[in-house]
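# Topology and contacts: notes
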Amino acid sequence: MCVGLPRQARWARPVLAAGWLVVCGMAMACSHGCALPGGVVAWPGVFAGGPDVMLLVPLGLVAALARTPRDCSASFGAALVVIGGGVVSSIGAGWVLLALCRTPQAGRRHAPDMMALLLVAAGSRSPGHVDYLLPGLCWLATRGLLGLSLSLRVAPRGLRPFHMADIAAMIAAMSLWARLPAGTAVADMRWGGVLIVAGCLFYMTASWRALRAPDARRVLTGLAGGTGAIIITLAGLMLLARADDLPGMAACAQRTYLLVAGLLLAGVLGARALDVMECEAGALSLGRLGGLGVLMPRLSALFALALLAESGLPPLLGFSIIWMLLRLLASMPHAGGLAGEAPLLLALAVLGVGWAVRMLALVRIVAVMLCGRPRTPRGAGAADPPAQEQWAVLVAGLPIVLVSIWPGWWLALMQGAGGAGGWSGLAVVALTSPDGGAALHPARLCLFVALVGGVVAVVRWLACRAPTRQVAGWQQGAPGVPPWMVFGDPLTQVGPGNPARMLLDMVAAAPARQYFVRDYAHGLRLARRLVRVGAGRVAGAACWRRVPGPVVLLAACVGALMFIAWRGQG
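Residues numbered from 1 in each chain as written. Predicted model: local features only at pLDDT ≥ 70, side-chain atom pairs only at ≥ 80, totals over all residues. Heavy atoms only, no water.

## Re empty space enclosed by the protein
Operational definition: Lining residues are defined by having an atom within 4 Å of a point belonging to a cavity or pocket. Those points lie on a 1 Å grid over the protein atoms alone, cavities being sets where a 1.4 Å probe fits but cannot get out and pockets being open sets with protein on both sides within 12 Å along at least five of seven lines. Grid points are joined across faces, edges and corners, and a volume is the space filled by probe spheres set on the points. The numbering of helices and of strands both runs from the N terminus, where a helix is a DSSP run of H or I of at least 4 residues and a strand a run of E of at least 2.
The full count for this structure, using the stated rule, is three cavities of 30 Å³ or more. Space inside the largest cavity adds up to approximately 60 Å³. If you trace the largest cavity, you find it lined by Tyr 203, Thr 227, Ile 230, Leu 263, Glu 310, Ser 311, Gly 312, Gly 318, Ile 321, Ile 322 and Arg 358. Of all the secondary-structure elements, those providing two or more residues to the lining of the largest cavity are helix H11 (216–244), helix H14 (297–311) and helix H15 (317–330).

Dropping the structure here:
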């Protein structure tokens, strides 16, 4: 069995899990009006119990299932963000960023995020003065926590593997966005539009990275980056609804925000299943895995459930969130005519392209990892783990199934006694649009999919008789292999493929793409050289000729923030 903690500290894992479950219970009790014995410690500026305290519920589940010290450390930092005041929450977010840094290069890339967190902490100590700057600073501070990037690279240094610490980081970022103070109406309106556009672009690039990722963990990182982009888009919609005084749109955006917190439980299931798969089948590279759907049927089914929920395929929770997001975008205030409709149509087009690429990433990983054929001896010898490990993964998968079928219980749990519906929302089985004109029934979708799946299973059982001699699916009809080739000729084996290159071949020929990539790389190097030389000349010293990239990025972002703030006060 694969364990991450040292041998002498294995006894601490059940104790920590029980402690985090107690924290979940206390958070639910406080949110629903139950008084704790002795009251709550009042420490203004250090601990702040806001509506986002219910984020301790998914965070407690993440921490209870954490297996490595890095994941546990990130969970503690995220807890500081949720329960802390302005300064303490920024310290906790910085702690989580440090837990995510696995190499010194990653730490240097997070330097602008750390500086933005310092500015957010300073802004929280002087409310009313720089509130119009806080959305932009929060965007910079949560960029690394949410895994947001406009880069299309899938290199190891550009796309980190997915672990429980990444889910804790996303919860910390959601807490920072949930407690963002209100600014001026003009500033909130403009920042809302900027965040919506940025979220749509981040969603498309994250889906592309998931399609091009070389291993299973980085595929989940790309899918989680799409979830982070949805968080940014919802934050922009809430700012826009608050600026235009649209309570219905704001309430719908808040409910969707809470459903995204429930979607993070699918990441918990996926990370937990990958931990067990890595112990049983070896490295998670898509060029080496295959046939796990036959070799590990139970664990593969749970992993497929996590993938379906993350990718947005109906009828699971990811599709419900996409449906709510599209309804929110359609309900945005906009001018009439083609000029007023163009921004909405562009946002919907970008989201549609990102969702389609996300579906291709899902098809790729399922076809290669679960439905392919084993390519290594260790992968061919994989099997479902012992019952104890399977029960742990199954427990991680039950919440996402319940939230997908019955969203009312999750909304009632997260909104607490002060919510719009309270415990009466338990009876809600449908999701409604902001104007109340449309409704989505996830339970009916789940029932329809179950009926269709049952019919297909019965027809397959009647049409396909089981062979007398049970052999693996990839060996049926295949010739006998020589004794020195355990899995047949390597040249005839189906590899992971490259759907992205197949799509590009339909658009442009390979030589034209090579010329474009070469010219793009040359222009990018030239632009970087000009920026560095220009920054060195402005500084007026030879030692500043090579200005670090994070410093240049931070200076550019601060300048943009100052310009937007100046225009927003007009």
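## Description of the packing of aromatic side chains
Two aromatic rings are characterised by how far apart their centres lie and by the angle between their planes. Heads up, the condition is: Any two of the Phe, Tyr and Trp rings considered here, Trp counted by its six-membered ring, make a pair once their centres fall within 6.5 Å; the pair's planes then place it as stacked at under 30 degrees, edge-to-face at over 60, or tilted in between. Only protein chains enter the accessibility calculation, which uses a 1.4 Å probe; a residue is then buried when its area is under 20% of its type maximum, exposed when over 50%, and partly exposed in between.
This model, assessed by the stated rule, comprises three aromatic pairs. Look at Trp 139 and Phe 202: their rings are 6.4 Å apart centre to centre, the planes differ by 80°, and that puts the pair in the edge-to-face class. With Trp 139 in helix H7 (residues 134–141) and Phe 202 in helix H10 (residues 185–212), this pair connects stretches of sequence that are 63 residues apart. By relative accessible area, which is 22% here, Trp 139 ends up partly exposed. Here Phe 202 falls in the buried class, since its relative accessible area comes to 7%. Geometrically, the ring pair formed by Phe 319 and Trp 355 is tilted, given 6.2 Å between the ring centres and 35° between the ring planes. Of this pair, Phe 319 sits in helix H15 while Trp 355 sits in helix H16 (residues 337–370); the two residues are 36 residues apart in sequence, bridging distant segments of the chain.

## A short note on the nonpolar core
As a rule of thumb, soluble globular proteins bury nonpolar side chains together. Put simply, the rule is: In this text, buried Ala, Val, Leu, Ile, Met, Phe, Trp, Tyr and Cys residues form a nonpolar core when linked through side-chain atoms within 4.5 Å. For the domain bounds, the source is a domain assignment made automatically or taken from a database. Note on definitions: a residue-residue contact is assigned when non-hydrogen atoms from the two residues lie within 4.5 Å.
Membership of the largest hydrophobic core comes to 147 residues, with the highest contact counts inside it found for Trp 177, Phe 303 and Met 369. The dominant element in this core, judged by the number of residues it contributes, is helix H12 (residues 247–281), at 20 residues. In this structure, this core is formed jointly by two domains, domain 1 (12–31 + 45–150 + 159–181) and domain 2 (185–333 + 343–404), each of which donates at least three residues. If near-sequence neighbours (up to four positions away) are discounted, Phe 303 is found in contact with Leu 220, Gly 270, Ala 273, Leu 274, Met 277, Ile 365, Met 369 and Leu 370.

## Details of H7
The periodicity of an α-helix, 3.6 residues per turn, causes residues three or four positions apart to be oriented the same way. Burial runs high along H7: seven of the eight residues are buried. Those residues of H7 that fall on the buried side of the exposure criterion are Leu 134, Pro 135, Gly 136, Leu 137, Cys 138, Leu 140 and Ala 141.

## Notes on the pattern of salt bridges
Note the cut-off: The salt bridge criterion pairs a side-chain nitrogen of Lys or Arg with a carboxyl oxygen of Asp or Glu, the two atoms within 4 Å.
Taken as a whole, this structure holds eight salt bridges when the rule is applied. Linking Arg 242 and Asp 188 is a salt bridge whose minimum nitrogen-to-oxygen distance equals 3.6 Å. Taken together, the positions of Arg 242 in helix H11 and Asp 188 in helix H10 put the pair 54 residues apart, joining distant regions of the chain. Arg 298 serves as the salt-bridge partner of Asp 384, at 3.4 Å between the closest nitrogen and oxygen. In this pair, Asp 384 is assigned in the loop between helix H17 (377–380) and helix H18 (387–405) and Arg 298 in helix H14, connecting sequence segments 86 residues apart. Residue Arg 298 is classed as exposed on the basis of its relative accessible area, which comes to 54%. Here the residues in one salt-bridge network are Arg 217, Asp 275 and Glu 278, joined through shared partners.

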